[in-house]
Amino acid sequence: KRLATDFITPIERDDIIELAQSLDNLIDYIEDVALCFYMYRVSDMHEHAREFAKLIKKSCKALEKAMGDFRNFKKSKTFNQLVIDVNAYEEEADRLYMKVNRSLYDDDRHDDPLHVLRWTQIFDRMEKCCDACEHVADTMSGI
């Protein structure tokens, strides 16, 4: 509401809109992961899903801290490091994504094919969460 009524915003309106859309996409991806657990009736947790969840949580915590410093990012001693941290978590997630998909199709290939399909879909979405976190951090940094 303030964006629509304020004549002069502290940052460009387009940047505010892009940041808001990036945050909305991130929340949608996180919700999508949760819905997959429900839709696929996941009853046991894959060991690598915990690793992915930790990376997503670390990224979101870093984004939360960066958002707190965003108002005074020029004076902040931690803002740039938090953006770097989110990028590092995303790179770690990329490596984990390759590792977990390889293991799904190597180690689990004799298991139930639905198990492999289910976890492939979930890991795809978890990796998108990490990508979305990086996009938010990059958007903030660009602003």
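Procedures and definitions
Every chain's residues receive numbers from 1 upward, in the order its sequence appears when written. Given that this is a predicted model, residues contribute local features only at a pLDDT of at least 70 and side-chain atom pairs are listed and counted only at 80 or more, while totals for whole chains, interfaces and linings are drawn from all residues. Excluding hydrogens and water, the side-chain values take into account all heavy atoms of the structure. Elements are defined by DSSP. Helices are runs of H or I of four residues or more, strands are runs of E of two residues or more, and each kind is numbered from the N terminus. For every residue, the accessible area obtained with a 1.4 Å probe (protein chains only) is divided by the maximum for its type, and the residue is called buried under 20%, exposed over 50%, and partly exposed between those limits. Any two residues having at least one pair of non-hydrogen atoms within 4.5 Å are treated as being in contact. Calculation of accessible area relied on Shrake-Rupley with a 1.4 Å probe; when residues are assessed, cover is drawn exclusively from the protein chains displayed. Orientation is described by lines fitted to C-alpha atoms, with helices fitted over the stretch in contact, and by angles between N-to-C directions that extend from 0 to 180 degrees. Oblique is the label for every angle not falling under 35 degrees (roughly parallel), over 145 degrees (roughly antiparallel), or within 65 to 115 degrees (roughly perpendicular). Left-handed describes a crossing whose near helix is turned anticlockwise from the far helix through less than a right angle; right-handed describes the clockwise counterpart. Under the grouping applied here, Gly and all other residues not named as nonpolar or charged are polar, the nonpolar ones being Ala, Val, Leu, Ile, Met, Phe, Trp, Tyr, Cys and Pro and the charged ones Asp, Glu, Lys and Arg. For this analysis, a ring pair means two rings from Phe, Tyr or Trp (six-membered ring only for Trp) whose centres lie within 6.5 Å, classed as stacked if their planes differ by under 30 degrees, edge-to-face if by over 60, and tilted for the remaining angles. Helices are assigned an expected span. That span is 1.5 Å times one less than the residue count.

Trainee: It is not clear to me how the overall build of the protein should be interpreted in this structure. Could you clarify?
Mentor: Along the backbone of the protein there are five helices and zero strands. Scored against the burial criterion, the 143 residues of the protein give a buried share of 35%. Put simply, of all contacts in the protein between residues at least 6 apart along the chain, 78% involve residues at least 24 apart. As presented, the protein carries roughly 9,600 Å² of accessible surface, and 52% of it is formed by carbon and sulfur atoms.

Trainee: Please clarify how the packing of helix H4 (residues 79–106) against helix H5 (residues 113–142) should be interpreted in this entry.
Mentor: Angle between the axes and distance between the axes: these two values describe a pair of packed helices. Viewed as axis vectors pointing N to C, H4 and H5 meet at an angle of 165°, and their least axial separation amounts to 9 Å. Classed by the angle they form, the pair H4 and H5 counts as roughly antiparallel. Considering only the axes of H4 and H5, their crossing is left-handed. Classifying every residue of the contact of H4 with H5 gives 15 nonpolar, four polar and seven charged.

Trainee: Is there a simple way to think about the packing of helix H2 (residues 13–39) against helix H3 (residues 47–70) in this case?
Mentor: Where H2 meets H3, the closest approach of the two axes is 13 Å, and the angle between their N-to-C directions is 155°. Between H2 and H3, the angle is such that the two are roughly antiparallel. You can see that H2 and H3 cross each other, and the crossing is left-handed. Of H3, the residues touching H2 (which contributes Leu19, Leu23, Leu26 and Ile30) are Ile56, Cys60, Leu63, Met67 and Phe70. Taken together, the residues of the contact of H2 with H3 break down into nine nonpolar, no polar and no charged.

Trainee: I tried to follow the packing of aromatic side chains on my own but got confused; where do I start?
Mentor: For the structure shown, the criterion picks out four aromatic pairs. Members of the aromatic cluster, joined through ring pairs, are Phe37, Phe52, Trp119 and Phe123.

Trainee: Quick question: what am I supposed to make of H3 here?
Mentor: Helical geometry note: an α-helix holds 3.6 residues per turn, so side chains three or four residues apart project in the same direction. Across its 24 residues, H3 extends 35 Å between first and last C-alpha, which sits within 8% of the 34 Å expected from 1.5 Å per residue. Buried residues in H3 make contact with H2, H4 and H5.

Treat this as a map of the structure, not an account of what it does.
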